[in-house]
Amino acid sequence: MNKISIKKINYLDTFPVRSAVLRQGKPIETCSFLGDDAVDTTHFGLYIENNIIGIASVFKTNNKNFDIKNQFQLRGMAILEEYQSAGFGKLLLEEIFNIIESNQVELLWFNARETAVSFYEKLGCIKKGASFEIPEIGTHFLMYKYFNM
Ligand SMILES: CC(C)(COP(=O)(O)OP(=O)(O)OC[C@H]1O[C@@H](n2cnc3c(N)ncnc32)[C@H](O)[C@@H]1OP(=O)(O)O)[C@@H](O)C(=O)NCCC(=O)NCCS
C-alpha cells in the first residue's frame, strides 16, 4: 500500500502542480499568487509516498459579498491529471474543511472554475451569483461554505 499524507508545505512546493494543472503552457511566474508568502496563508500538499500529487492553499482574504469577519479564501486547488477522479481532491478538501472548522473560521469562499463546480457542490459548497470571466483562465463562479455557524 502506498502511503498517502497531507502536509503543510512552502508555497514554492505548490508550483510544479500549479504549473502542470492550473497554468499549463504558461510561464512559471504565473504560478505565483499575491499573498503566497503571507504569514496567514497556508499551503497544503497531498503526497503519495514522497511525491506531491495535489495542492490547495488558504488565504486570509475577505470577500465583500459576505458580511463575515472570520473568512478565508481557497485558491489553487489542483490534482495532477493522472490522479484525478480517484477521490484525492475530496480527501484533500475534506481535510482542509476539518482544519478550517477546528480553527473557528466561519466561511471559506473561492472562485471556482465552471468545470469544477459540481465537484465542490458534492462537498457541500454553494454557488453565489452569476458566472464571471477571469482573463486567460475562463468562466468562474463564486462559491462558499459556512463553518461554525
Ligand atoms: C477539480 C479537482 C480538484 C477534483 O479533484 P479529483 O481528485 O479529480 O476529484 P475526486 O475524485 O475527489 O472527486 C470527488 C467527487 O467529485 C466528482 N468530480 C470530480 N471532479 C469533477 C468535475 N470536474 N465535475 C463533476 N464532478 C466531479 C467525482 O466524480 C466524485 O464524485 P463521487 O464522490 O460521487 O464519486 C481536480 O479534478 C482538478 O485538479 N481539476 C483540474 C483543476 C481544477 O479545475 N481545479 C479547481 C480550480 S477552481
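Residues numbered from 1 in each chain as written. Predicted model: local features only at pLDDT ≥ 70, side-chain atom pairs only at ≥ 80, totals over all residues. Heavy atoms only, no water.

## Side note on the nonpolar core
Looking at soluble globular proteins, one finds that nonpolar side chains tend to be buried together.
Here's step 1: Counting 36 residues, the largest nonpolar core has Val58, Leu74, Ile96, Leu108, Tyr120 and Met143 as its most contacted members.
Here's step 2: Of all the secondary-structure elements, those providing two or more residues to this core are α1 (15-22), β2 (42-48), β3 (51-59), β4 (71-79), α2 (88-102), β5 (107-113), α3 (117-122) and β7 (138-146).
Here's step 3: The dominant element in this core, judged by the number of residues it contributes, is α2, at six residues.
Here's step 4: Phe66, Ile68, Leu107 and Tyr144 belong to the second largest nonpolar core, which has six residues in total. (Core = buried A, V, L, I, M, F, W, Y, C linked by side-chain atoms within 4.5 Å. Buried < 20%, exposed > 50% of the residue type's maximum accessible area, 1.4 Å probe, protein only. Helix = DSSP H or I, 4+ residues; strand = E, 2+ residues; numbered from the N terminus.)

## Concerning the side chain of His140
Here's step 1: Secondary-structure assignment places His140 in strand β7.
Here's step 2: The residues contacting His140, other than those within four sequence positions of it, are Asn111, Ala112, Arg113, Glu114, Ser131, Phe132 and Ile134. (Contact = heavy atoms within 4.5 Å.)

## Points about the sheet that holds strand β6 (residues 126-134)
Here's step 1: Read from one edge to the other, the open sheet built from seven strands follows the order β1-β2-β3-β4-β5-β7-β6, with strand pairing classed as mixed. The open sheet has two free edges, formed respectively by β1 (4-9) and β6, since each of these has just one partner strand. Strand-to-strand, the axes of this sheet are offset by a mean angle of 25°, without reference to chain direction.
Here's step 2: Relative to β3, β2 runs antiparallel, the two being bridged by seven bridges. For Phe44, the partnering residue across the bridge sits in β3 and is Ala56. (Pairing = 2+ DSSP bridges. Axes fitted to C-alpha atoms, helices over the stretch in contact; angles between N-to-C directions.)

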